[in-house]
Amino acid sequence: MSELHNLVFYVPVTHTERVLKAIGDAGAGRIGNYSHCSFTSRGTGRFTPRDGADPYQGRVGIPEEAAEDRVECIVERPLLDAVVLALRAAHPYEEPALMSWKVEGWRSREADSSRA
């Protein structure tokens, strides 16, 4: 059995495809005979860079808005660290907003016999 985690992060729409490829190549979104599986929804990110920040977009002390995608995907626990490293390397923000948690969906490493 493989422990699964849900990974959620936000990325500027200009970089979504690049980050999705990087995390998929690192093992995110593997479901059965499929890879690079994810769900994306569009929204507006809001933030104010503080002193010491080196923002990709905006200036220190000025509130900013950005068109961003919220991405959700499943990651097997043994691959989670590598996936997060790939996410950080491909993401333009110095501090990408991300979170993960264990999900109760467990799956066998073998084929799903319920579809036979």
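Above this note sits the structure.
The paragraphs below set out a description of the structure included in this document. (Residues numbered from 1 in each chain as written. Predicted model: local features only at pLDDT ≥ 70, side-chain atom pairs only at ≥ 80, totals over all residues. Heavy atoms only, no water.)

Before going further, it helps to spend a moment on the side chain of H91. Here H91 lies in the loop between helix 2 (80-90) and strand 4 (98-102). A distance of 3.0 Å separates a polar atom in the side chain of H91 from the backbone nitrogen of Y93. In this structure H91 touches Y10, V11, P12, R18, V19 and P96, once residues within four positions along its chain are discounted. (Helix = DSSP H or I, 4+ residues; strand = E, 2+ residues; numbered from the N terminus. Polar contact = N/O pair within 3.5 Å; in protein donor to acceptor, adjacent residues only side chain to side chain. Contact = heavy atoms within 4.5 Å.)

Turning next to the nonpolar core. In terms of nonpolar packing, the biggest core is built from 17 residues, with L7, F9, V19, I23, V75 and V83 touching the most fellow members. Elements represented by at least two residues in this core include exactly strand 1 (4-12), helix 1 (16-25), strand 3 (64-76) and helix 2. By residue number, the principal contributor to this core is helix 2, which donates six residues. Apart from the residues lying within four places of it in its own chain, the contact partners of I23 are F9, A28, C73, V83 and L87. (Core = buried A, V, L, I, M, F, W, Y, C linked by side-chain atoms within 4.5 Å. Buried < 20%, exposed > 50% of the residue type's maximum accessible area, 1.4 Å probe, protein only.)

Per the counting criterion, the structure on display carries two aromatic pairs. Seen in terms of ring centroids, Y56 and Y93 are 6.0 Å apart; in terms of plane orientation they differ by 50°. Their pairing is tilted. Remark: Y93 occurs in the loop between helix 2 and strand 4 and Y56 occurs in the loop between strand 2 (39-47) and strand 3; sequence separation between them is 37 residues. (Phe/Tyr/Trp six-rings, centres within 6.5 Å; stacked < 30°, edge-to-face > 60°.)

Per the counting criterion, the structure on display carries five salt bridges. Across the pair E65 and R46 runs a salt bridge whose closest N-O atoms are separated by 3.3 Å. Residue E65 is located in strand 3, and its partner R46 is located in strand 2; the two are separated by 19 residues in the primary sequence. Among the residues examined, E65 registers a relative accessible area of 48% and is labelled partly exposed. The salt bridge partner of E72 is R70, with a shortest N-O separation of 3.1 Å. (Salt bridge = Lys/Arg side-chain N within 4 Å of Asp/Glu carboxyl O.)

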